[in-house]
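Observations on the three-dimensional arrangement
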Amino acid sequence: MLRSMLTAANTMNALQQRLDTISHNIANSNTVGFKRREASFAELLTQQIDRLPNDEAPRQTPEGVRYGNGARLASTMLITKQGALVETGRRLDFALTDENQWFRVRLADQNGAETIGYTRAGNFSITPMGGRLALVTSDGRPVLDEANRPIEFPTGTTGFQLSPTGTLTATNAAGRVVARVNLGVTAIDRPQLFEAQGDNIFTLPDVPGAARELNGNLRGQIGVKQGALEQSNVDLGEEMVGLMATSRAYQLNARAISISEQMLGLINGMRSS
């Protein structure tokens, strides 16, 4: 009975983690550029018991009995499938049209060290910074250009025009061009190496072949659309089906623990009588 209770408890722990993953997906179904995660399971170690009588009749199954110990959460895979593009008409809303491409932003940790982060959320804005105007994300992180420098414009910049290849042209109230920069865009070839930093931003370890910085001056390398945003790739119907299936599996294992407890009570009752 203790083995059955331990097996069910291990599986319930893994199922709880899957419920947390599904809940996180559903909670971010309206988050711009959000990428859902999918949980996968693996079997825990099993025990093979071979002390069984030898039968002369041929067996259809391997000899012995294998006892399992439940399942564990093996990984939560990031699904980078392209989300739907929604027209907004806002000049600083940018949507990447290739699912492997990501905007580069600047991150700073508690010690002041700076690193590069990656995001698909293109709902940018302009904020004053050091006497100039900086292009930042929705939570205030500087957006980087192709040389990994923060994108800044002179004070008085009012107009922005983005080319399909990622070149951003800024103009003043008189229509004069005051700045022209290429957005920093990276092609991520190994997205499963991403490390989540919160606020829909990821970092990438320094692994060869994991990413390629793209050049906006070369046609065909970068695809971006102005006045549009990429929505999350969460399918609410699919997530609700997974939620119900996981909940039922959780209830089944909870029932197994309850039945094992009742059987242990019967055994204890028989010993005391």
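Residues numbered from 1 in each chain as written. Predicted model: local features only at pLDDT ≥ 70, side-chain atom pairs only at ≥ 80, totals over all residues. Heavy atoms only, no water.

1. As for the overall build of the protein chain
A count of helices and strands for the protein chain gives 2 helices and 20 strands. A burial count over the protein chain gives 36% of its 273 residues as buried. Summarising the internal contacts of the protein chain: among those between residues at least 6 apart in sequence, 63% fall at separations of at least 24. In the form shown here, the protein chain has an accessible surface area of approximately 15,700 Å², with 51% of it arising from carbon and sulfur atoms. (Helix = DSSP H or I, 4+ residues; strand = E, 2+ residues; numbered from the N terminus. Buried < 20%, exposed > 50% of the residue type's maximum accessible area, 1.4 Å probe, protein only. Contact = heavy atoms within 4.5 Å. Areas by Shrake-Rupley, 256 points an atom, 1.4 Å probe, with all protein chains shown as cover.)

2. Notes on the side chain of Asn-25
Inspection of the secondary structure assignment puts Asn-25 in helix 1 (residues 2-27). When its relative accessible area of 1% is taken as the criterion, Asn-25 is described as buried. When residues no more than four places from it in sequence are discounted, the contact partners of Asn-25 are Phe-34, Arg-36, Arg-37, Val-234 and Glu-239.

3. Re helix 1
Here helix 1 contains 26 residues, and its C-alpha end-to-end distance of 37 Å stays within 8% of the 38 Å for a straight helix at 1.5 Å per residue. The set of residues buried in helix 1 consists of Ala-8, Thr-11, Met-12, Ala-14, Leu-15, Leu-19, Thr-21, Ile-22 and Asn-25. (Expected span 1.5 Å × (residues − 1).)

4. Here's the deal with unusual backbone geometry
Phi angles above zero are rare outside glycine, and Asn-148 is one such case at about 65 degrees. Note that Asn-148 resides in the loop between strand 10 (132-136) and strand 11 (152-153). Look at Asp-199: it is not a glycine, yet its phi comes out positive at around 60 degrees. Among the structural elements, Asp-199 can be located in the loop between strand 16 (195-198) and strand 17 (201-203).

5. Details of the pairing of strand 16
Two strands pair when backbone bridges link them, and strand 16 and strand 17 are joined in this way by 3 bridges, in the antiparallel orientation. By the bridge assignment for strand 17, Ala-196 is matched with Phe-202. Where strand 16 folds back onto strand 17 in an antiparallel hairpin, the turn is made up of 2 residues, including Asp-199, whose phi is positive at roughly 60 degrees. (Pairing = 2+ DSSP bridges.)

6. Considerations on the environment of Gly-227
Positionally, Gly-227 belongs in the loop between strand 19 (224-226) and strand 20 (228-230). Assessed through its relative accessible area of 6%, Gly-227 is described here as buried. For the pair Gly-227 and Leu-92, spaced 135 residues apart in sequence, the C-alpha separation works out to 6.8 Å.

7. Here's the deal with the environment of Gly-223
If you trace the backbone, Gly-223 turns up in the loop between strand 18 (211-213) and strand 19. Gly-223 gets classed as buried once you look at its relative accessible area, which sits at 16%. Look past the residues within four positions of Gly-223 in its chain and what remains in contact with it is Ala-95, Leu-96, Thr-97, Asp-98, Gln-101 and Pro-164.

8. Remarks on the pattern of salt bridges
Counted under the stated rule, the structure contains 14 salt bridges. Its salt-bridge partner being Arg-36, residue Glu-238 comes within 3.8 Å of it at the nearest N-O pair. Taken together, the positions of Glu-238 in helix 2 (residues 236-272) and Arg-36 in the loop between helix 1 and strand 1 (37-43) put the pair 202 residues apart, joining distant regions of the chain. Classification of Arg-36 as buried rests on a relative accessible area of 9%. A salt bridge links Asp-93 to Arg-90; the nearest nitrogen and oxygen atoms lie 2.6 Å apart. The exposure class of Asp-93 is buried, given its relative accessible area of 5%. By relative accessible area, Arg-90 is classed as partly exposed at 35%. Three or more residues joined by partner-sharing salt bridges are found here, namely Arg-36, Glu-38, Glu-238 and Glu-239. (Salt bridge = Lys/Arg side-chain N within 4 Å of Asp/Glu carboxyl O.)

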